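Here are the chains, one letter per residue:
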Amino acid sequence: MAITKLDQMFEVLKSKSKKRLVAAYANDSHTIEAVSEAVDKGIIDGTLVGDKETMLQVCSQLNINPGKFRLVHEPNEGKAAAVAVKLINDGEGELLMKGLVSTDKYMKAILNKENGLMDPGAILSHVTVIENPNYEKLMIVGDVAIIPLPEFKQKVAILNYLVNTAKALGIEKPKVAVISASEQVLPGIPSCAEAALLSKMADRGQISGAYVDGPLALDAAIDKESAQIKKLSGPVAGDADCLLFPNIESGNVFYKANTKLAKAELGAFVAGARVPCVLSSRGDSALTKLYSIALAALIAK
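Scoring rules and cut-offs
- Residues numbered from 1 in each chain as written.
- Predicted model: local features only at pLDDT ≥ 70, side-chain atom pairs only at ≥ 80, totals over all residues.
- Heavy atoms only, no water.
- Phe/Tyr/Trp six-rings, centres within 6.5 Å; stacked < 30°, edge-to-face > 60°.
- Buried < 20%, exposed > 50% of the residue type's maximum accessible area, 1.4 Å probe, protein only.
- Lys NZ or Arg CZ within 6 Å of the ring centre and 35° of its normal.
- Helix = DSSP H or I, 4+ residues; strand = E, 2+ residues; numbered from the N terminus.
- Domains from an automatic or database assignment.
- Buried area = accessible area lost by both parts, 1.4 Å probe.
- Salt bridge = Lys/Arg side-chain N within 4 Å of Asp/Glu carboxyl O.
- Polar contact = N/O pair within 3.5 Å; in protein donor to acceptor, adjacent residues only side chain to side chain.
- Nonpolar A, V, L, I, M, F, W, Y, C, P; charged D, E, K, R; others polar.

Draft legend 1. Layout of the packing of aromatic side chains. In total, this model carries two aromatic pairs according to the counting rule given. Taking 5.1 Å as the distance between ring centres and 40° as the angle between the ring planes, the aromatic pair formed by Phe245 and Phe254 counts as tilted. Both residues of the pair, Phe245 and Phe254, belong to the buried class. We note Lys41 situated over the ring of Phe10; from NZ or CZ to the ring centre the distance is 4.6 Å.

Draft legend 2. Local environment of unusual backbone geometry. Here the residue pair Gly142 and Asp143 is connected by a cis peptide bond, since its omega of -10° sits within 30 degrees of zero. Looking at the element boundaries, Asp143 is found in the loop between strand E6 (139–142) and helix H6 (152–168). Following Gly214, the chain continues into Pro215 via a peptide bond in cis, with omega recorded as 5°. Located in the positive-phi region is Tyr25, a residue other than glycine, with phi close to 60°. Looking at the element boundaries, Tyr25 is found in the loop between strand E1 (19–24) and helix H2 (29–40). Residue classification places Tyr25 among the buried residues on the basis of a relative accessible area of 14%. With a phi angle near 60°, Lys231 is a residue other than glycine that sits in the positive phi range. In this fold, Lys231 is placed in the loop between helix H9 (224–229) and strand E9 (242–244).

Draft legend 3. A look at the domain arrangement of the chain. Here the domain parsing of the chain yields domain 1 (7–121 + 273–299) and domain 2 (125–262). Of note, the centres of domain 1 and domain 2, computed from C-alpha atoms alone, are 29 Å apart. Three residues stand out in domain 1 for area buried against domain 2, namely Leu279, Leu295 and Ile299, and they jointly supply 57% of the buried area on that side. There are zero salt bridges connecting domain 1 and domain 2. Where domain 1 packs against domain 2, one counts zero residue pairs in polar contact (both at pLDDT 80 or more). By residue number, the principal contributor to the side of domain 1 that touches domain 2 is helix H11 (residues 286–299), which donates three residues. Residues belonging to the side of domain 1 that touches domain 2 are distributed by class as follows: six nonpolar, no polar and no charged.

So this is what it looks like as structure tokens:
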């Protein structure tokens, strides 16, 4: 059965093997609180890399027993990210998580050509799963945070990451809407033409395991009445599971409009590395980080 609410992930994870998470520079309360709750729920074992004294102080403030974690002392944030990545490469974890370390230093450790987590030719992309109270199911969207203007090859990779995530959430054949400004194929708008190409590739089996339709304007992708008025048929129109955005501006605005105006909740991770990498903002709530850990645990092998 498909997961339709983020908190349903915890029940599904109970029947799966526990994953090992390594948090990079886990000096903040939200990271430690989220990892602690994930440990308590039995979905992960947690290793915290950071300044040991600071982590112990945070645990004390939150009334969390630090003995439930493995603590690795590295007070420098850049070095802490590198140590966390090394632990993953040494087989001591299946999930990586960003703590208080800045995004550029976190990504630098992942992308390091000699000691990082990237295989040759791999494409990194950010996958976000949004629970909006005004939509009847989860929305799996990308890319809202990493690739500014994806080339066609990158769009194929993003689409496949969205599909894989949807399947991990129990959706047997996900419905992917390739978003543009219009559902008409307008050659003057590159995202329209590329959306049509992606749709045709799916029709011919070059992209498998999903229904893919595009170009679709956002209303035609997620609102059944709009799709009917525009006389759009097919399984995706008005009922999309996945939204592939043409660029980071449109994706990021959609993401923030959901969280700030609709009070949507979310989980997110970076796909394309050897392991799922949680990339929550340093200001994200402990609940958002907990959902992101659960999502990454569902994806991890």
